[in-house]
Amino acid sequence: MHFTYNLYGKCVIIRRIVHLYSAACVFLRPRLILEKMENKRICAVTMLRKDDFFLEKWVTYYGGQLGRENLYIYFDGDDQEVPAFCGGCNTSLQPKIKAANVVQLEKARLAFLSDRAAELLASGYDMVIGVDVDEFLIPDPQCGMGLAEFLSRNAGTSVCLSGLGIDVGENL
């Protein structure tokens, strides 16, 4: 089921999903749809392999928006070290995901993250942001809200909110 609506002059696509199949997504507890909108308990999850460059930016951004204690970072492969800048975050070295091809690898990775999101929702989080380490959900600056406030105020329309993706390139 897909539908769109206009939010602060921006088109937002809302999707009902069972598992995380797109990279950037916000899962909501089903009962949240009926609850009064107040500040919600929100966390962010990501999985990466040897990408400290974007991870540092991810930790800085989402840590500033949600608090480092609400960040869950899964390293794909226990042959990596957790960088010092991840202090205060929930980190976990996982066995490297192996698959016959890229499609199967991506399905396995997303199934893993989907299971973690379900666990976090069951543990008391109201929302789980699932994004790749190089993806940043940023509310329209004209709405004058940070990410947590924006999501808290705009939750309640679906089980999943999806952002508009923009690829940025230099000197193309």
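What you see as residue numbers is a count from 1 along each chain, following the sequence as written. Local features are withheld for residues below a pLDDT of 70 in this predicted model, meaning they are given only at 70 or higher, and side-chain atom pairs are given and counted only at 80 or more; totals for whole chains, interfaces and linings count all residues. Side-chain descriptors were evaluated using all non-hydrogen atoms of the structure, hydrogens and water having been removed beforehand.

**Examining the nonpolar core**
Then step 1. To define a nonpolar core, start from buried Ala, Val, Leu, Ile, Met, Phe, Trp, Tyr and Cys residues and group those joined through side-chain atoms within 4.5 Å. Accessible area is worked out with a 1.4 Å probe on protein chains only. A residue is then buried under 20% of its type maximum, exposed over 50%, and partly exposed in between. Among the nonpolar cores identified, the biggest contains 24 residues, and L55, W58, V59, Y62, I73 and I129 are the most heavily contacted of them.
Then step 2. Where this core is concerned, the elements lending two or more residues are β4 (42-48), α1 (52-66), β5 (71-76), β7 (127-130) and α3 (147-154).
Then step 3. Looking at this core element by element, the count peaks at 6 residues for α1.
Then step 4. Within the second largest apolar cluster, 13 residues are counted, among which are M47, Y74, A117 and Y125. The helix count covers DSSP runs of H or I at least four residues long, the strand count covers runs of E at least two residues long, and both are numbered beginning at the N terminus.

**Some remarks on α1**
Then step 1. Expected span, for any helix, means 1.5 Å times one less than how many residues it has. Its 15 residues place the ends of α1 20 Å apart at the C-alpha level, agreeing with the 21 Å of an ideal helix rising 1.5 Å per residue.
Then step 2. If you check which residues of α1 are buried, you get L55, W58, V59, Y61, Y62, G63 and L66.
Then step 3. Whether two residues touch is decided by their heavy atoms; if any such pair falls within 4.5 Å, the residues are in contact. Buried-residue contacts for α1 involve β4, β5, β7 and α3.
Then step 4. G67 sits one or two positions beyond α1 and adopts a positive phi of about 95°.

**Things to note about unusual backbone geometry**
Then step 1. Backbone geometry at K50 places phi at a positive 50°, although glycine is not the residue there.
Then step 2. Within the fold, K50 resides in the loop between β4 and α1.
Then step 3. We classify K50 as exposed; its relative accessible area is 55%.

**Comments concerning the state of the cysteines**
Then step 1. The rule for a disulfide is simple: a pair of cysteine sulfur atoms within 2.5 Å. This structure, assessed with the given rule, holds 0 disulfides.
Then step 2. Cysteine C86 remains unbridged, with the sulfur of C89 as its closest cysteine sulfur at 5.4 Å.

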